[in-house]
Amino acid sequence: MADPSSFLEKLVAPRYRHEILEIANSSVDLGDKHVILKKNKANAGKLTKKKLSRREIKELGLYTLPHDTITYRDGLKLHRMWLGYYDTFFPPGECPDVTEARYNTIVASLLKADYHGAKIHIVRSKQPSVVGMKGIVVLDTKGTFKMISKDNKLRTIPKNDSQFEVFLQDKVITIFGKHLNARPAERSVKKMKTFAFPDL
């Protein structure tokens, strides 16, 4: 291979050729700064976005519902959508008997179901002030149902120690709140047991 300095010498005036030879024989030190920048560029694609913690979500108020903006009329729209979702568990006109084999499958599905939009009635509770209330669930959290009533008031109902009636078009289903003590997304993947004699 030809020496690059000899090629450059022919292009440069004779009085400057000694400078070309110095450049050809010298090396340039880029220093540590260049190496660090190169590493940062390589790691840039590996950076992942940090998720918000439960505490940060609560502080930002992302899942809080404003009391004065939700009406019962809005809840009815949600309820109509929910009825279509619930028909996947109970096909219209069908209700299995307790002795049938598919009864346990349906009960497990009901415990895994999402109750956003369900019309509920609190039958029994250790909090006497909520007994008898009716409304549409607008927020299903780990330990509570937030429901909107006909008087357009948003109420928080504790799930634990409460018994609910869920209204379908032609059916009423009784559910014990202690078996729903999980967020809907967590309940949907959880393995559920059927309970013959649930205690309040």
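Anything mentioned here points back to the structure above.
Throughout what follows, the structure given in this document is the object of discussion. (Residues numbered from 1 in each chain as written. Predicted model: local features only at pLDDT ≥ 70, side-chain atom pairs only at ≥ 80, totals over all residues. Heavy atoms only, no water.)

Comments concerning the packing of aromatic side chains
Logical step 1: This model, assessed by the stated rule, comprises six aromatic pairs.
Logical step 2: An aromatic cluster is built from Trp82, Tyr85, Tyr86, Tyr115, Phe145 and Phe164, whose rings are joined through pairwise contacts.
Logical step 3: The ring centre of phenylalanine 145 lies 5.0 Å from the NZ or CZ of lysine 159, which sits over that ring. (Phe/Tyr/Trp six-rings, centres within 6.5 Å; stacked < 30°, edge-to-face > 60°. Lys NZ or Arg CZ within 6 Å of the ring centre and 35° of its normal.)

Thoughts on the pairing of strand E2 (residues 134-140)
Logical step 1: Of all the seven residues making up E2, six are buried; the element is thus mostly covered by neighbouring parts of the structure.
Logical step 2: Pairing between strand E1 (residues 119-125) and E2: three bridges, direction antiparallel. In the sheet register, isoleucine 120 faces E2, and the bridge partner there is glycine 135.
Logical step 3: Examined bridge by bridge, E2 and strand E3 (residues 144-148) share four bridges and lie antiparallel to one another. Note that in E3 the partner of isoleucine 136 across the bridge is isoleucine 148. (Buried < 20%, exposed > 50% of the residue type's maximum accessible area, 1.4 Å probe, protein only. Helix = DSSP H or I, 4+ residues; strand = E, 2+ residues; numbered from the N terminus. Pairing = 2+ DSSP bridges.)

Description of the nonpolar core
Grouped burial of nonpolar side chains is what soluble globular proteins tend to show.
Logical step 1: Within the largest apolar cluster, 24 residues are counted, with the highest numbers of intra-cluster contacts made by Trp82, Tyr86, Phe90, Leu110, Tyr115, Ile120 and Phe145.
Logical step 2: Other than its neighbours up to four places away in sequence, phenylalanine 145 contacts Tyr115, Ile120, Val137, Leu139, Asp140, Arg155, Thr156, Ile157, Lys159, Phe164 and Leu180. (Core = buried A, V, L, I, M, F, W, Y, C linked by side-chain atoms within 4.5 Å. Contact = heavy atoms within 4.5 Å.)

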